Amino acid sequence: MSQLPASYQEYLAGKSESFINTVRPILLQSAADQTHGVRVLNLPHGHQAHLDDGIPFGTVVEDID
């Protein structure tokens with residue numbers, strides 16, 4: 001399993017367990033390919049994360065859907 005870069009570990013610090021469980025798999029996928037960053041959408045009933053080729057690797061951007 002890929003190690004998360006420091007920027008991703010810092011992003012997860014202090015977040016709830018349910019948030020981490022939602023976002024961490026995508027952060028791991030990003031860390032494995034080291035090509036794309038991650039966009040986290042704040043939805044009315046939770047969160048969704050996905051790789052985004054417009055965001056540099058190691059960066060997380062939060063957005064509202």
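In short, a report on the structure. Residue positions are counted from 1 within each chain, in the order its sequence is given. pLDDT decides what is reported in this predicted model: residues at 70 or higher carry local features, side-chain atom pairs at 80 or more are listed and counted, and totals for whole chains, interfaces and linings draw on all residues regardless. With hydrogens and water set aside, each side-chain value is computed from the structure's full complement of heavy atoms.

## A look at the packing of aromatic side chains
Two rings from Phe, Tyr or Trp (for Trp, the six-membered ring) form a pair when their centres sit within 6.5 Å of each other. Planes less than 30 degrees apart are called stacked, planes more than 60 degrees apart edge-to-face, and all others tilted. On inspection of all chains with the given rule, the structure shows two aromatic pairs. Seen from their ring centres, tyrosine 8 and phenylalanine 57 are 6.1 Å apart, and the 75° between their planes marks the pair as edge-to-face. Taken together, the positions of tyrosine 8 in helix H1 (residues 6–12) and phenylalanine 57 in the loop between strand S2 (46–56) and strand S3 (60–64) put the pair 49 residues apart, joining distant regions of the chain. Whether a residue is buried, partly exposed or exposed follows from its accessible area with a 1.4 Å probe, protein chains only, as a fraction of its type maximum: under 20%, in between, or over 50%, in that order. Phenylalanine 57 sits in the partly exposed class, given a relative accessible area of 31%. Aromatic pair tyrosine 11 and phenylalanine 19: ring centres 6.0 Å apart, planes at 50°, arrangement tilted. The residues tyrosine 11 and phenylalanine 19 share a single accessibility class, namely buried. The side chain of lysine 15 reaches across the aromatic face of tyrosine 11, ending 4.7 Å from its centre. Each helix corresponds to a stretch of at least 4 residues labelled H or I by DSSP, and each strand to a stretch of at least 2 residues labelled E; elements are numbered beginning at the N terminus. Here, over-ring charges are defined by two tests on the NZ atom of lysine or the CZ atom of arginine: distance to the ring centre within 6 Å, and angle to the ring normal within 35 degrees.

## Examining the pattern of salt bridges
Counted as salt bridges are all cases of a side-chain nitrogen of Lys or Arg within 4 Å of a carboxyl oxygen of Asp or Glu. All chains considered together, the criterion is met by two salt bridges. Close ionic contact of aspartate 52 with arginine 39 constitutes a salt bridge, the shortest N to O distance being 2.8 Å. Of this pair, aspartate 52 sits in strand S2 while arginine 39 is found in strand S1 (residues 36–43), placing the two residues 13 residues apart along the sequence. Overall, the relative accessible area of 13% leaves aspartate 52 in the buried class. In this structure, the salt-bridge partner of aspartate 63 is arginine 39, at a minimum N-O distance of 3.2 Å. With aspartate 63 in strand S3 and arginine 39 in strand S1, this pair connects stretches of sequence that are 24 residues apart. The class of aspartate 63 is partly exposed, set by a relative accessible area of 31%.

Honestly, that's just the spatial picture; any functional story needs more than this.
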